[in-house]
Amino acid sequence: ELEAEDKTEFLESLGVTIEDCGLRALVREAYDILNLQTYFTSGPTETKAWTIRKGWTAPKAAGVIHGDFERGFIRAETMSYDDLALYKSESEVKGKGLLRSEGKEYVVKEGDVMLFR
């Protein structure tokens, strides 16, 4: 087993990145073939990834968590994972004007972080 820096250097010498090989590449390709994507829910004690089909609306995605969430869907507070990673907290994302309130017709995007209301 190579150290992380040596592994990166070795892969670069082969013309590939860590993202383009092994299990990561297999999972990414399987998701693409099966037309799947991931969205996240996050709270004070837990963050969870949920797998859904591409093109699903917010209520249908909420139903993966629990059927009552789909039936009682009102809205979803939504931000992108990239924004959350950049600004480090929901309050910072909200302060930058990047937290959105999405309704029943919203089509969930890869990497959305959602709180269902």
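Our structure is the block above this text.
What you see is a predicted model, and the numbers here were worked out from it, not measured in a lab. (Residues numbered from 1 in each chain as written. Predicted model: local features only at pLDDT ≥ 70, side-chain atom pairs only at ≥ 80, totals over all residues. Heavy atoms only, no water.)

Asker: What should I look at first to understand the overall build of the protein chain in this one?
Answerer: Of the regular secondary structure elements, the protein chain holds 6 helices and 5 strands. Listing the helices and strands of the protein chain from first to last along the sequence gives α-α-β-β-α-α-β-α-α-β-β. A compact globule built from 117 residues would reach a C-alpha radius of gyration of about 13 Å, whereas the protein chain, at 17 Å, exceeds it by more than 25%. Seen through its C-alpha atoms, the protein chain measures out along the principal axes to roughly 50 × 35 × 25 Å. Taking all 117 residues of the protein chain together, 23% fall into the buried category. Taking all contacts inside the protein chain whose residues are at least 6 apart in sequence as the whole, residues at least 24 apart take part in 49%. For the protein chain, the accessible surface area stands at approximately 8100 Å², while carbon and sulfur atoms represent 54% of it. (Helix = DSSP H or I, 4+ residues; strand = E, 2+ residues; numbered from the N terminus. Rg over C-alpha atoms; globule rule 2.2 N^0.38 Å. Buried < 20%, exposed > 50% of the residue type's maximum accessible area, 1.4 Å probe, protein only. Contact = heavy atoms within 4.5 Å. Areas by Shrake-Rupley, 256 points an atom, 1.4 Å probe, with all protein chains shown as cover.)

Asker: Is there a simple way to explain the layout of surface pockets in this structure?
Answerer: Where empty space is left in the structure can be found by rolling a water-sized probe over the atoms. The computed volume of the largest pocket comes to approximately 160 Å³. Together, Val27, Arg28, Tyr31, Asp32, Leu36, Gln37, Thr38, Phe40, Lys54 and Glu110 line the largest pocket. Breaking the lining of the largest pocket down by element, the ones donating at least two residues are helix H2 (22-34) and strand E1 (36-42). Taken together, the residues of the lining of the largest pocket break down into 4 nonpolar, 2 polar and 4 charged. (1 Å grid on protein atoms, 1.4 Å probe; cavity = no way out; pocket = protein on both sides within 12 Å on 5 of 7 lines; lining within 4 Å. Points joined across faces, edges and corners; volume = space filled by probe spheres on them. Nonpolar A, V, L, I, M, F, W, Y, C, P; charged D, E, K, R; others polar.)

Asker: How do you make sense of the pattern of salt bridges when you look at a structure like this?
Answerer: Pairing between side chains of opposite charge can happen when the charged atoms of each approach one another. Across all of its chains, the model carries 9 salt bridges by this definition. Measuring nitrogen to oxygen at the nearest pair gives 3.8 Å for the salt bridge that ties Asp112 to Arg100. In this pair, Asp112 is assigned in strand E5 (residues 112-116) and Arg100 in strand E4 (residues 100-102), connecting sequence segments 12 residues apart. Looking at Asp112, the relative accessible area reads 3%, which means it is buried. Taken together, the shared-partner salt bridges in this structure form one network comprising Glu19, Arg24 and Arg28. (Salt bridge = Lys/Arg side-chain N within 4 Å of Asp/Glu carboxyl O.)

Asker: Would you mind showing me how to read the packing of aromatic side chains here?
Answerer: The geometry of an aromatic ring pair comes down to the distance between the two centres and the angle between the two planes. Overall, the coordinates contain 3 aromatic pairs when judged by the stated rule. With a centroid separation of 6.0 Å and 90° between ring planes, the pair formed by Tyr39 and Phe116 is classed as edge-to-face. A residue pair is termed long-range when its members are at least 10 positions apart, and Tyr39 in strand E1 and Phe116 in strand E5 qualify at 77 residues. We classify Phe116 as buried; its relative accessible area is 15%. On the basis of an interplanar angle of 40° and a centroid distance of 5.9 Å, the ring pair of Phe40 and Tyr81 is categorised as tilted. Residue Phe40 is found in strand E1, and its partner Tyr81 is found in helix H5 (residues 81-87); the two are separated by 41 residues along the sequence. (Phe/Tyr/Trp six-rings, centres within 6.5 Å; stacked < 30°, edge-to-face > 60°.)

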